[in-house]
Amino acid sequence: MEKSAEHIVVNDKVIMLKMDKGLDSEEHKHFGACGGNITAFNGTLISPNYPHYYPPNTNCVWRIMVPDPNFQFRIQFPTLKLEGVQPDCEKDWISVNGIRYCGEHDRTVVVPSASSTLTVKFHTDASVSSVGFRAEYSSFNPAGECQGMHTCGDGRCELMSNKCDGWVHCKDRSDELNCVCTSDQFRCQNNMCKPLIWVCDGVDDCEDMSDEANCDCAAGFFACHRNSCMPISALCDGNIDCPHGMDEADCEKIDVNCTTNTYKCADGKCIVKPNAECDKVQDCLDLSDELDCDCGNQLAIRRRIVNGNDAVIGEWPWQVSLHFATLGHTCGATLINNWWLLSASHCFQNAESYRYSDRQLWTVYIGMHSLTFTDSGIERRLIKRMIIHEQFDNITMDYDIALLELSAPVRYTSYIQPVCLPSPLHVFPANQRCYVTGWGLLQEGGRLPVILQKGEVRIINQTTCNNFMGNILTSRMLCAGYLTGEVDACEGDSGGPLVCEELSGKWFQAGIVSWGQGCGRYGHPGVYTRITKFREWIHRNIGIDGNT
Ligand code: ARG
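Residues numbered from 1 in each chain as written. Predicted model: local features only at pLDDT ≥ 70, side-chain atom pairs only at ≥ 80, totals over all residues. Heavy atoms only, no water.

**Considerations on the environment of E491**
Now for step 1: Locating E491 in the fold gives a position in the loop between strand 30 (477–481) and strand 31 (497–501).
Now for step 2: E491 gets classed as exposed once you look at its relative accessible area, which sits at 52%.
Now for step 3: Linking E491 and G445, residues 46 residues apart in sequence, is a C-alpha distance of 8.9 Å.
Now for step 4: Leave out the neighbours within four places in its chain, and E491 touches G440, L441 and C519. (Helix = DSSP H or I, 4+ residues; strand = E, 2+ residues; numbered from the N terminus. Buried < 20%, exposed > 50% of the residue type's maximum accessible area, 1.4 Å probe, protein only. Contact = heavy atoms within 4.5 Å.)

And the structure:
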């Protein structure tokens, strides 16, 4: 093992030491320097080199004081992965006011404290390294408990503006309990309050289905609040017909009757029922919402297999593997009809010595499960035409979408099925559970799998994600995953799908794997191309007319 001021060598691997800028810069010049004296109400600590492996033989001491002695600290570890076994922690450990913590924890470790000072020590031995820790400390006034803020069961303080807003902030949900619902909120059976526009949107926001009960109305009618169906003509007619006036809300949009909470039929009329396409209920008077619905079906599997990351044969029958020249699997794609695939533009940008833009160098495999070609029913095709979005920007990754026309059409089987494309007004609400699938790296810098992988991720609110990512997202992008990292797509998954199941059991593609900073890193969820922005572009390019 070699050691120097700038880097260390662990198991023949050079690890650059990057220290937290917030700490004493003089100390950073020395290997292993970390810690310091901090006076603050709250803040964050990370192990040296985080989120990469921490160096060996390190000892850090942070002494943290709260500026107001009436306050006390709490500290918790969203990430804690250290060598060693609790409670002895004789290898690597972190201690808070003398009590040691170590080992690998999947959940946030909350450390209670009743003191206005925190002494945090970090010790590592000469052997095995790991990811380390990320700690968040915050202070509270035990007399005024969270002073003007809401106190969650675990002691965390949440902004009052987060209370009763329909979004759960406290782990114990206490910020959403005992609420008096406002006029633009719906009262769930369990007494939680949710925004009215979430009612009858196909997502069980109340978690007791009360916001999704009695939502079916006959064609030409819309679900007015919940229990009553109103004729579409009552929408935006200047009279309030529904209990909460939702029939007259959002009426100033471009097309009076079409809002974000509606579905637009082929005749241009809108019905107040989001995601009405292919939901097995005829809603439009022209019946257009149930046309072209041979998509999104998992024919080969009877029941969902939730455990494990290996996909089951036939579970994602629209998943396609794109092989480049002699490199093998390089990108993913999805089957959208017999002739066409959807993928990401960035997969087809030339790089160094590879001419990825040359359609003739690619081979398409449909109905694939294992990259070993051991399954029967795999269809091989070449690419006849490649359409890269004319506004694709390879710096910002905006418009990261491409269409590929197959050399010959494929016939659908139990293992080959197209995915449903959402209408432009389709909503994939924040927190919805969706799946990303692909043959990409199993982890950042890791190896490629042989079997198709699936990962359950959640749709992340655009504003929240953009704030997290420093405002670099465009409206053509969508975040999914977890702000804390964990499940994510990775290199090689690009071009593949983010799919969500609707109540009808059909799968709709919400996104195309586009980019991310590393894979599964804290604060860096996966970024996907937002398909709802492109249905018109897709239809125009593959020659389907449609005004939906
Ligand atoms: N650009 C990558 C690819 O070409 C996909 C990156 C997705 N990364 C992520 N962390 N979600 O395969």
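Moving on from the coordinates now.
**Quick word on the sheet that holds strand 8 (residues 99–101)**
Now for step 1: Taken in spatial order, the five strands of this open sheet run 3-5-11-7-8, and their pairing is mixed. Each edge of the sheet is formed by a strand with only one pairing partner; in this case those strands are strand 3 (35–39) and strand 8. Taken over all neighbouring pairs, the strand axes of this sheet differ in orientation by 15 degrees on average, direction set aside.
Now for step 2: Bridge count between strand 5 (residues 59–65) and strand 11 (residues 117–123): seven bridges; the pairing is antiparallel. Paired with C60 across the two strands is F122, which belongs to strand 11. (Pairing = 2+ DSSP bridges. Axes fitted to C-alpha atoms, helices over the stretch in contact; angles between N-to-C directions.)

**Topic: the nonpolar core**
Now for step 1: L322, L335, I336, L341, L342, L403 and I538 are the most contacted members of the largest nonpolar core, which totals 46 residues.
Now for step 2: The contacts of I538, once residues within four sequence positions are left out, are I336, L342, I401, L403 and L421.
Now for step 3: With 29 residues, the next largest nonpolar core counts L45, I75, V111 and A135 among its residues. (Core = buried A, V, L, I, M, F, W, Y, C linked by side-chain atoms within 4.5 Å.)

**Regarding the site of the ligand**
Now for step 1: Taken together, 15 residues surround the ligand, and among them H346, D488, G492, S494 and G518 come closest.
Now for step 2: Contacts to the ligand include G492, whose backbone N or O atom sits 2.6 Å from an oxygen atom.
Now for step 3: One nitrogen or oxygen atom from the main chain of D493 is found 3.5 Å from an oxygen atom belonging to the ligand.
Now for step 4: For the ligand, the accessible surface in isolation is 350 Å², of which the surrounding protein chains cover 91%.
Now for step 5: When residues of the shell around the ligand are assigned to their parent elements, the largest contribution, three residues, is made by strand 32 (residues 507–515).
Now for step 6: Here the shell around the ligand is built from residues that sort into five nonpolar, seven polar and three charged. (Near = heavy atom within 4 Å. Polar contact = N/O pair within 3.5 Å; in protein donor to acceptor, adjacent residues only side chain to side chain. Areas by Shrake-Rupley, 256 points an atom, 1.4 Å probe, with all protein chains shown as cover. Nonpolar A, V, L, I, M, F, W, Y, C, P; charged D, E, K, R; others polar.)

**Structural notes on the packing of aromatic side chains**
Now for step 1: The tally for this structure, following the rule as stated, stands at 19 aromatic pairs.
Now for step 2: Taken together, a centroid distance of 5.7 Å and an interplanar angle of 80 degrees make the contact between F73 and Y137 edge-to-face. Placement of F73 in strand 6 (residues 72–82) and of Y137 in strand 12 (residues 132–140) is noted, with a sequence separation of 64 residues between them.
Now for step 3: Residue class for Y137 comes out buried when judged on its relative accessible area of 4%.
Now for step 4: Between the aromatic rings of F534 and W537, the centroid separation amounts to 6.4 Å while the plane-to-plane angle is 80 degrees, which identifies the pairing as edge-to-face. (Phe/Tyr/Trp six-rings, centres within 6.5 Å; stacked < 30°, edge-to-face > 60°.)

**Points about the confidence of the model for the protein**
The predicted coordinates should not be examined in detail at positions where pLDDT is low.
Now for step 1: On average, residues of the protein score 83 in pLDDT, and 83% of them are at 70 or above.
Now for step 2: Low pLDDT, under 50, characterises residues 1–32; the predicted model gives this stretch 52 contacts beyond four residues in sequence or across chains. (pLDDT = per-residue confidence, 0-100.)

**Section: the pattern of salt bridges**
Now for step 1: In total, this model carries eleven salt bridges according to the counting rule given.
Now for step 2: Here K91 ties to E83 by a salt bridge, and the two come within 3.9 Å at their closest N and O atoms.
Now for step 3: What makes K91 partly exposed here is its relative accessible area of 40%.
Now for step 4: Note that E315 is salt-bridged to K454, the shortest N-O span being 3.0 Å. On the criterion of sequence distance, the pair formed by E315 in the loop between strand 20 (270–271) and strand 21 (319–324) and K454 in strand 29 (residues 453–460) is long-range, its members being 139 residues apart.
Now for step 5: With a relative accessible area of 0%, E315 lands in the buried category.
Now for step 6: Here K454 falls in the buried class, since its relative accessible area comes to 5%.
Now for step 7: Put simply, K384, R385 and E405 are held in one network by salt bridges that share partners. (Salt bridge = Lys/Arg side-chain N within 4 Å of Asp/Glu carboxyl O.)

**Some points on the environment of N191**
Now for step 1: Looking at where N191 falls in the secondary structure, it is placed in the loop between strand 15 (185–187) and strand 16 (193–195).
Now for step 2: A relative accessible area of 39% means that N191 is categorised as partly exposed.
Now for step 3: C-alpha of N191 to C-alpha of C181: the two residues are ten residues apart in sequence and 8.6 Å apart in space.
Now for step 4: At 3.1 Å, the side chain of N191 forms a polar contact with the side chain of R187.

**Topic: the sheet that holds strand 30**
What holds strands together in a sheet is hydrogen bonding between their backbones, with the strands either parallel or antiparallel.
Now for step 1: On the basis of which strands lie adjacent, the closed barrel formed by six strands has the order 28-29-30-33-32-31 and antiparallel pairing. Put simply, the sheet's adjacent strands are angled 45 degrees from each other on average, direction ignored.

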